[in-house]
Amino acid sequence: SSAKVFAASIRASAIGWTEVFSKSAANFKSRSFSYRERLHLQKDYNKVFKKGRKLDNKAVKILAYKNEGQQIRRLGLVTPRKVGTAVIRNRTKRRLREIFRTNKHSLEPGLDLIFISKPETASLDYGSLKKIILNSLESAGLCSNRRERI
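The text that follows walks through the structure, step by step, so that each part is easy to find. This one's a predicted model, so the numbers in the text were calculated from it and none came from an experiment.

Calculation notes
- Residues numbered from 1 in each chain as written.
- Predicted model: local features only at pLDDT ≥ 70, side-chain atom pairs only at ≥ 80, totals over all residues.
- Heavy atoms only, no water.
- Helix = DSSP H or I, 4+ residues; strand = E, 2+ residues; numbered from the N terminus.
- Contact = heavy atoms within 4.5 Å.
- Polar contact = N/O pair within 3.5 Å; in protein donor to acceptor, adjacent residues only side chain to side chain.
- Salt bridge = Lys/Arg side-chain N within 4 Å of Asp/Glu carboxyl O.
- Buried < 20%, exposed > 50% of the residue type's maximum accessible area, 1.4 Å probe, protein only.
- Pairing = 2+ DSSP bridges.
- Axes fitted to C-alpha atoms, helices over the stretch in contact; angles between N-to-C directions.
- Expected span 1.5 Å × (residues − 1).
- Parallel < 35°, antiparallel > 145°, perpendicular 65-115°, else oblique.
- Left-handed = near helix turned anticlockwise from the far one by under 90°.
- Nonpolar A, V, L, I, M, F, W, Y, C, P; charged D, E, K, R; others polar.
- Right-handed = clockwise from strand over helix to strand, strands pointing away.
- Phe/Tyr/Trp six-rings, centres within 6.5 Å; stacked < 30°, edge-to-face > 60°.

1. Some points on the environment of Arg89
Part 1 of the reasoning: When you line up the elements, Arg89 lands in helix H4 (residues 86-103).
Part 2 of the reasoning: Distance in space between the C-alpha atoms of Arg89 and Ala122 is 7.5 Å, their sequence separation being 33 residues.
Part 3 of the reasoning: Discounting residues that sit within four places of it in the chain, Arg89 has contacts with Thr79, Pro80, Arg81, Val83 and Gly84.
Part 4 of the reasoning: A distance of 2.7 Å separates a polar side-chain atom of Arg89 from the backbone oxygen of Gly84.

This is the structure we're talking about:
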């Protein structure tokens, strides 16, 4: 292990730090949730609502639409006031975004998802909510070879 660190430090000093980090960054799948991965426009939401596949369970309704020719997976959130107060709605949205962010690489490329929260969403903890959503996506064939991340 120390030999690997030593070899990496020699390589880093020989070719420069930026090249080492850029090479390792190329192999690293982004775990962020960027601006491009969000649904913004009303026409995009409308397309998913009209043409999307509907998956319903006790906690959240999922609408999924496959954009042909696109590689980016995008997420939109709808959390009505029935879910609870602003604090509860914001917590729910943070959890849903985190589930998408950590599992987006196992989703089909070009998939637009909308998560519509239900009042039951707020009462579930993160782990059970994640399990429900991923099971729904897997049963619909939209999520493949997922990894369990805790």
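Next comes the rest of the account.
2. Let's talk about the pattern of salt bridges
Part 1 of the reasoning: In this structure the tally under the stated criterion is five salt bridges.
Part 2 of the reasoning: Two residues, Asp44 and Arg74, come together in a salt bridge whose shortest N-O distance is 3.3 Å. One end of the pair, Asp44, is in helix H3 (residues 42-51); the other, Arg74, is in strand S3 (residues 74-78), and 30 residues separate them in sequence.
Part 3 of the reasoning: With a relative accessible area of 18%, Arg74 lands in the buried category.
Part 4 of the reasoning: One salt bridge connects Glu98 with Arg101, and the closest N-O pair in it is separated by 2.7 Å. Note that Glu98 and Arg101 are positioned in helix H4 at a spacing of three residues, about one turn of the helix.

3. Topic: the sheet that holds S3
Part 1 of the reasoning: Within the open sheet, the four strands sit side by side as S1-S2-S4-S3. Their pairing is mixed. Looking at the sheet topology across the chains shown, the edges are occupied by strand S1 (53-56) and S3. Between one strand axis and the next, the sheet turns by 20° as a mean value, whatever way the strands run.
Part 2 of the reasoning: The pairing of strand S2 (residues 60-66) with strand S4 (residues 111-117) spans seven bridges and is antiparallel. Pairing of Ala64 across the sheet is with Leu113, part of S4.

4. Re H4
Part 1 of the reasoning: For H4, built from 18 residues, the straight-helix expectation of 26 Å at 1.5 Å per residue is met to within 8% by its first-to-last C-alpha distance of 26 Å.
Part 2 of the reasoning: For H4, the complete set of buried residues consists of Arg89, Thr92, Leu96, Ile99, Phe100, Thr102 and Asn103.
Part 3 of the reasoning: In the core, the buried residues of H4 are packed alongside S3, S4 and helix H5 (126-139).

5. A look at the packing of H4 against H5
Part 1 of the reasoning: The contact between H4 and H5 brings their axes to 10 Å, and the two run at 55°. Considering their axes alone, H4 and H5 lie oblique with respect to each other. As for the relative orientation of H4 and H5, their crossing is right-handed in sense. Here Arg95, Leu96, Glu98, Ile99, Thr102 and Asn103 of H4 lie close against H5, whose contacting residues are Tyr126, Leu129, Lys130, Ile133 and Leu134.
Part 2 of the reasoning: Its residues placed into classes, the contact of H4 with H5 shows six nonpolar, two polar and three charged.

6. Details of the pairing of S3
Part 1 of the reasoning: Summarising the sheet, S3 and S4 pair through five bridges and their orientation is parallel. Each residue of the ladder has a partner; that of Leu77, found in S4, is Phe115.
Part 2 of the reasoning: The β-α-β motif built from S3, the intervening H4 and the parallel element S4 has left-handed crossover chirality.

7. A word on the packing of aromatic side chains
Part 1 of the reasoning: In total, this model carries one aromatic pair according to the counting rule given.
Part 2 of the reasoning: Ring geometry for Phe33 versus Phe100: centroids 5.6 Å apart, planes at 75°, classification edge-to-face. On the criterion of sequence distance, the pair formed by Phe33 in the loop between helix H2 (17-27) and H3 and Phe100 in helix H4 is long-range, its members being 67 residues apart.

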